[in-house]
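Observations on chain architecture
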Amino acid sequence: MYGENTAVVRLNEALNNAVKALGAEDINAEFERPKHEGHGDRAANAAMRLAKPLKSKPRDIAEKIAESLKNEDVITQTEIAGPGFLNVWLSGKFYADVVSDVLKQGTAYGGINLGQNRKVQVEFVSANPTGPLHIGHGRGAAVGDSVARILAFTGWDVQREYYMNDSGLQIDTLGRSTQARYFELLGRESNFPENGYKGAYIYDVACEIIAKEGERFLDVPESDSLDYFRKYAASTIMQGIRADLEKFRVKFDNFFPEGYLHENGLVKSAMDDLKAKGYAYEQDGALWFRTEDIIGDDKDRVLVRANGIPTYYASDIAYHRNKFITRNFERVIDVWGADHHGYIARVKAAIKAMGKNPDDFIVLLIQLVNLLRDGKIVTMSTRQGEFITLSDVLDEAGVDATRFFFLMRRSDSQLDFDLDLAKKQGSENPVYYVQYAHARISGILREYVNRGGNLDALDPENIPAEIFGNKDAKDLADVLAQYPDAVREASNDLAPQALTGYVLNLAGVFHSFYNTNRILDESDENIRAGRLNIARAVKLVIASCLELLGVTAPERM
RNA sequence: GCGCCUGUAGCUCAGCGGAUAGAGCGUCGGCCUCCGGAGCCGAAGGCCAGGAGUUCGAAUCUCCUCAGGCGCGCCA
């Protein structure tokens, strides 16, 4: 398969052919890397899985499989161990094949086609334009962006969307907060809304309005100018958000305004559809959704209030109907803050009600980020205007470190973001550790050219098998062989941390290899070429992996 | 009260059905006549919160208990 390592695929094919030769069903057997030395280079548990269907002892089955693997030229030795593990030892040629396959596939390596060009949407960040992005949004941005990159790399047709909640109560409050600051700055008495946004950025917006419009709003009734303040503040803040996203190297294909749903009657038609299907009913003047029946919710939920204004839930139903039905996405992934988790079941209920499979709707919950400075947690609140913005963190720690830190942990567990550590340009900082490996290889390749070498003339097939008599060389090839598995895991589980973990491991094993294997100083020309090829393959995979994380792979540091 | 997430080395966390549970940081001890020392090697450090099940086999699956976080609005 495209993107897989062909050396690994061939080995597994041999195993499956051996299994089929026993008359067993296809169990899709695979060799795995045993955790412990002494258990061979690869191990298979196929015999144990076949024991029941074949009504035979695992060790006897393993014996037979070993017999049919005898002719494989990359297998040098087999062993039956424990309850029925089949352990095999591999020749240097196998590892050479692994590495040259990486070089031949180049940047396509690891890009297995899991999506089959199916349409998937990743909706993330979607912060209301009521204030600048803070680090919690940053984590969601890093995760959403990386997941989108991973899905695209693995054959999905991906759209990245930002849902702009640009109407409603919050924007109203934003407008009134800005208006109050406008009056305040012009020396008039103002009544700042009780739940207003107290951040200093509101003053900035008010200043802009003064510069642009002067004092002309002083003498008109507040209710007449409110709309202007609302729109101006929201669009200014949205521009700031877009600028922050750009700075963070996060791109969107589409910004979807909530207002579109109302203006085009999509909320109404979604409600009509629910009513027609009997999922919604009227009571006490409001429209209710039968979530109790559909998903066993504690109670039914309100869709349209007694005052005729639809709830946020109603627009969300219309929005997801638009995603699944109008725009025809096969899978919809939403990245939400963890405090919304109680809401997942309700949206799934709506998806069920519209006749789609709730399993195709996946929510990635982003847990809280604690920002640590000097080892202490910095507290934040958007309303109170006490927070550290994403932009501040990027200025201090840099885009690469910030992204890498956000992606190191699974998103559904809380994260302590240690600002002091992220700023350190040293070995304690994992992102530098990885980037250093890439820069170091680049340095070696530059030096090779300096000494008169020609990289284009290097034959990717020229990797002498004897190189892999060295344990570090063998380990390194092994890690290269695992890249497609890491990508598969990251794609299937929507888990970028599988890749941060992988690339940290790859960098570490490369550093070990570097310390025991001279490259340019090696006198044997073929071995030198072989080691150069290994280094090139490592460089390629590090760069590929970092690209999926949205982190740069520097040539020098 | 109901529901979701999390309890793994001193700290931060991987591992989520396989054979002796891993990494980084921190601690201690080594390694530059040498291609990038932003590096490497080694040591110490664990009843995988507790209990009961399922399985040939459990940190991993199920149930219960305990602890921490979060959510249960005609808010968004």
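Residues numbered from 1 in each chain as written. Chains lettered and ligands numbered in written order. Predicted model: local features only at pLDDT ≥ 70, side-chain atom pairs only at ≥ 80, totals over all residues.

1. Quick word on the overall build of chain A
Defined as follows: A helix here means a DSSP run of H or I that spans at least four residues, while a strand means a run of E at least two residues long, and both kinds are numbered starting from the N terminus. Exposure is read from a count of other C-beta atoms within 10 Å of each residue's own; the residue is exposed at 12 or fewer, buried at 20 or more and partly exposed in between. C-beta atoms are placed from the backbone.
Looking only at helices and strands, one finds 20 helices and 14 strands in chain A. When its C-alpha atoms are laid out on the principal axes, chain A stretches across 90 × 60 × 40 Å. Burial status across chain A gives 43% buried among its 557 residues.

2. What to know about the sheet that holds strand β6 (residues 254–257)
Note the following rule: Strand pairing requires that DSSP identify at least two bridges connecting the strands. As a rule, the C-alpha atoms of each element are fitted with a line to give its axis, helices using only the stretch in contact, and angles between N-to-C directions run from 0 to 180 degrees. Think of it this way: build a C-beta for each residue from its backbone, and any pair within 7 Å is a contact.
The strand order β6-β5-β4-β10-β11 describes an open sheet built from five strands, whose pairing is parallel. At either margin of the open sheet sits one strand with a lone partner, and together these are β6 and β11 (361–366). The sheet shows a mean angle of 25 degrees between the axes of neighbouring strands, direction not considered. Here strand β10 (residues 331–337) pairs with β11 via six bridges, running parallel. Pairing of Val 332 across the sheet is with Phe 361, part of β11. Packing against the sheet, helix α5 (residues 135–153) makes contact with β4 (119–123), β5 (157–164), β10 and β11, and its axis sits at approximately 160 degrees to β10.

3. Digging into the sheet that holds strand β9 (residues 301–304)
The antiparallel open sheet is built from three strands, whose spatial order is β7-β8-β9. Lying at the two open borders of the sheet, with one neighbouring strand each, are β7 (280–283) and β9. The sheet shows a mean angle of 45 degrees between the axes of neighbouring strands, direction not considered. Note: β7 against strand β8 (residues 286–289), four bridges, orientation antiparallel. Directly across from Ala 280, in β8, lies its bridge partner Phe 289. With respect to the sheet, helix α10 (residues 266–276) is in contact with β7, β8 and β9, its orientation differing from that of β7 by roughly 95 degrees.

4. Observations concerning helix α17 (residues 430–450)
Quick reminder of the rule: Multiplying 1.5 Å by the helix residue count minus one yields the expected span of that helix.
Taking 1.5 Å per residue, 21 residues should reach 30 Å; α17 reaches 30 Å between its end C-alpha atoms and fits that length. Of all the positions in α17, only Val 431, Tyr 432, Val 434, Gln 435, Ala 437, His 438, Ile 441 and Leu 445 are classed as buried. Packing partners of the buried residues in α17 comprise α15 (399–408), α19 (497–516) and α20 (525–549). A positive backbone phi angle near 95 degrees is found at Gly 452, which sits one or two residues after α17.

5. Observations concerning unusual backbone geometry
One non-glycine residue with positive phi stands out, namely Ser 126, at about 45 degrees. Inspection of the secondary structure assignment puts Ser 126 in the loop between β4 and α5. In this model, Asp 284 sits at a positive phi of 50 degrees, which is unusual for a non-glycine residue. Structurally, the position occupied by Asp 284 is in the loop between β7 and β8.

6. As for the domain arrangement of chain A
Rule in force here: Either an automatic procedure or a domain database provided the assignment from which the domain bounds are taken.
Each assigned domain of chain A is listed here: domain 1 (6–90) and domain 2 (430–549). The gap between the C-alpha centroids of domain 1 and domain 2 is 29 Å.

7. Here's the deal with the packing of α17 against α19
Quick reminder of the rule: For classification, angles of less than 35 degrees are called roughly parallel, those exceeding 145 degrees roughly antiparallel, those between 65 and 115 degrees roughly perpendicular, and all remaining angles oblique. Here is the rule for handedness: rotate from the far helix to the near one, and if that takes an anticlockwise turn smaller than a right angle the crossing is left-handed, while a clockwise turn gives right-handed.
Running from N to C, α17 and α19 point in directions that differ by 55 degrees, and their axes come no closer than 9 Å. Between α17 and α19, the crossing angle belongs to the class labelled oblique. By crossing handedness, the relation of α17 to α19 is classed as left-handed. Contacts between α17 and α19 pair Pro 430, Tyr 433, Val 434 and Ala 437 from the former with Val 503, Leu 504, Ala 507, Phe 510 and His 511 from the latter.

8. Thoughts on the packing of α10 against helix α12 (residues 312–326)
Two packed helices can be described by the angle between their axes and the distance between those axes. What counts, and what does not: In this classification, the charged set is Asp, Glu, Lys and Arg, the nonpolar set is Ala, Val, Leu, Ile, Met, Phe, Trp, Tyr, Cys and Pro, and all remaining amino acids, among them Gly, are polar.
Their axes nearest at 8 Å, the elements α10 and α12 cross at an angle of 90 degrees. Considered as vectors, α10 and α12 are oriented roughly perpendicular to each other. Note on element contacts: α12 touches α10 through Ala 314, Ser 315, Ile 317, Ala 318, Arg 321 and Asn 322, opposite Leu 266, Val 267, Ala 270 and Met 271. When the residues that make up the contact of α10 with α12 are grouped by side-chain class, the tally is seven nonpolar, two polar and one charged.

9. Some thoughts on helix α6 (residues 169–185)
If you check α6, its first and last C-alpha atoms are 24 Å apart, about what 17 residues at 1.5 Å a residue would give, namely 24 Å. Regarding α6, the residues found buried are Ile 171, Leu 174, Gly 175, Arg 176, Ser 177, Thr 178, Gln 179, Ala 180, Arg 181 and Tyr 182. Residues of α6 that are buried make contact with α7 (201–213) and α8 (222–247). Just downstream of α6 lies Gly 187, where phi reads positive at about 80 degrees.

10. Focus: the nonpolar core
Selection rule: Throughout this description, the term nonpolar core refers to a group of buried Ala, Val, Leu, Ile, Met, Phe, Trp, Tyr and Cys residues whose C-beta atoms join them within 7 Å.
Counting 159 residues, the largest nonpolar core has Leu 480, Val 538, Val 541 and Ile 542 as its most contacted members. Tallying contributions element by element places α20 first for this core, with 13 residues. Structurally, this core is a two-domain feature, drawing no fewer than three residues from each of domain 1 (6–90) and domain 2 (430–549). Not counting residues up to four positions away in its chain, the partners in contact with Ile 542 are Val 434, Ala 437, His 438, Val 503, Leu 506, Ala 507 and Ala 553.

11. A word on the environment of Thr 326
Take Thr 326: it is sitting in helix α12. Linking Thr 326 and Asn 462, residues 136 residues apart in sequence, is a C-alpha distance of 53 Å.

12. Topic: the environment of Gly 84
Along the polypeptide, Gly 84 turns up in the loop between β2 (75–81) and β3 (85–90). We classify Gly 84 as buried; it has 22 C-beta atoms within 10 Å. Put simply, Gly 84 and Ile 542 are 458 residues apart on the chain and 36 Å apart in space, counted from C-alpha to C-alpha. With residues up to four places along the chain from it excluded, the contact list for Gly 84 reads Ala 47, Met 48, Pro 58, Arg 59, Ile 61 and Ala 62.

13. Section: the environment of Phe 255
Here Phe 255 shows up in strand β6. Put simply, Phe 255 and Ala 486 are 231 residues apart on the chain and 31 Å apart in space, counted from C-alpha to C-alpha. When residues no more than four places from it in sequence are discounted, the contact partners of Phe 255 are Tyr 162 and Met 164.

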